[in-house]
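Coordinate inspection notes
Below are the chains, spelled out letter by letter.
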Amino acid sequence: MYATTRRYEGVTDPGEAGRRVNEGFVPLISKMPGFVAYYWADAGGGVMVSTSVFQDRAGVEASNKQAADWVRENMAPLLPNPPQITAGEVVAHTAK
């Protein structure tokens, strides 16, 4: 498995950003090949973080591109700064 995190700083309206992600992006990413899980978190102070998990590196790379395109088209006023992206192989995990 592979995971990627995207950290967005300077979020202008976290509530609206969460609503748009839930209604618009979640349905898109969940249909991508190799999808395992997706999380969108409000870290406070105008910072929001997404975590995407895929079965392979190709899925993570495709999700980062999909996220960039979707944010540019649907969230530009809410997420004015480009995200800090970190991706890699999952080396330990647990699920309930």
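Before reading further, recall that the structure is shown in the block above.
Everything quoted here is computed from the prediction, not taken from an experiment.

Before going further, it helps to examine the packing of aromatic side chains. What the rule picks out here adds up to 4 aromatic pairs. Between Phe-25 and Trp-70, the aromatic rings sit 5.5 Å apart at their centres with planes inclined by 45 degrees, giving tilted as the arrangement. Here Trp-70 lies in helix α2 (residues 57-74) and Phe-25 lies in helix α1 (residues 14-29), a separation of 45 residues in the sequence. Each member of the pair, Phe-25 as well as Trp-70, is classed as buried.

This part takes up the pattern of salt bridges. Summed over the entire model, instances satisfying the criterion amount to 6 salt bridges. For Glu-9, the salt bridge is made with Arg-7, and the minimal N-O distance between the two is 2.9 Å. Of the residues examined, Glu-9 reaches a relative accessible area of 34% and is grouped as partly exposed. What emerges from the salt-bridge pattern is a single network uniting Glu-16, Arg-19, Arg-20 and Glu-23.

This part covers the nonpolar core. Judged by nonpolar contacts, the single largest core of 18 residues is most densely connected at Phe-25, Met-75 and Leu-79. Every element with two or more residues in this core is listed here: β1 (2-9), α1, β3 (47-54) and α2. In this structure, Phe-25 is in contact with Arg-6, Arg-20, Tyr-38, Ser-63, Gln-66, Ala-67 and Trp-70, ignoring residues within four places of it in sequence.

This brings us to the pairing of strand β2 (residues 35-44). Here β2 pairs with β3 via 8 bridges, running antiparallel. Bridge assignment links Tyr-38 to a residue of β3, and that residue is Ser-52. Counted along the chain from β2 to the antiparallel partner β3, the turn is 2 residues long, and its residue Gly-45 has a positive phi close to 65 degrees.

This paragraph deals with α1. Approximately 40 degrees is the largest bend angle found in α1, and it occurs at Val-21. Among all positions in α1, only Glu-16, Ala-17, Val-21, Phe-25 and Ile-29 are buried. In the core, the buried residues of α1 are packed alongside β1, β2, β3 and α2.

What follows concerns the sheet that holds β3. If you walk across this open sheet you meet the 4 strands as β2-β3-β1-β4, and the pairing is antiparallel. Only two strands of the sheet have a single partner each, and these edge strands are β2 and β4 (84-89). Here the average twist between neighbouring strands, direction ignored, is 15 degrees. Pairing between β1 and β4: 6 bridges, direction antiparallel.

Analysis parameters
- Residues numbered from 1 in each chain as written.
- Predicted model: local features only at pLDDT ≥ 70, side-chain atom pairs only at ≥ 80, totals over all residues.
- Heavy atoms only, no water.
- Phe/Tyr/Trp six-rings, centres within 6.5 Å; stacked < 30°, edge-to-face > 60°.
- Helix = DSSP H or I, 4+ residues; strand = E, 2+ residues; numbered from the N terminus.
- Buried < 20%, exposed > 50% of the residue type's maximum accessible area, 1.4 Å probe, protein only.
- Salt bridge = Lys/Arg side-chain N within 4 Å of Asp/Glu carboxyl O.
- Core = buried A, V, L, I, M, F, W, Y, C linked by side-chain atoms within 4.5 Å.
- Contact = heavy atoms within 4.5 Å.
- Pairing = 2+ DSSP bridges.
- Bend = angle between axes of the 7 residues up to and from the residue.
- Axes fitted to C-alpha atoms, helices over the stretch in contact; angles between N-to-C directions.

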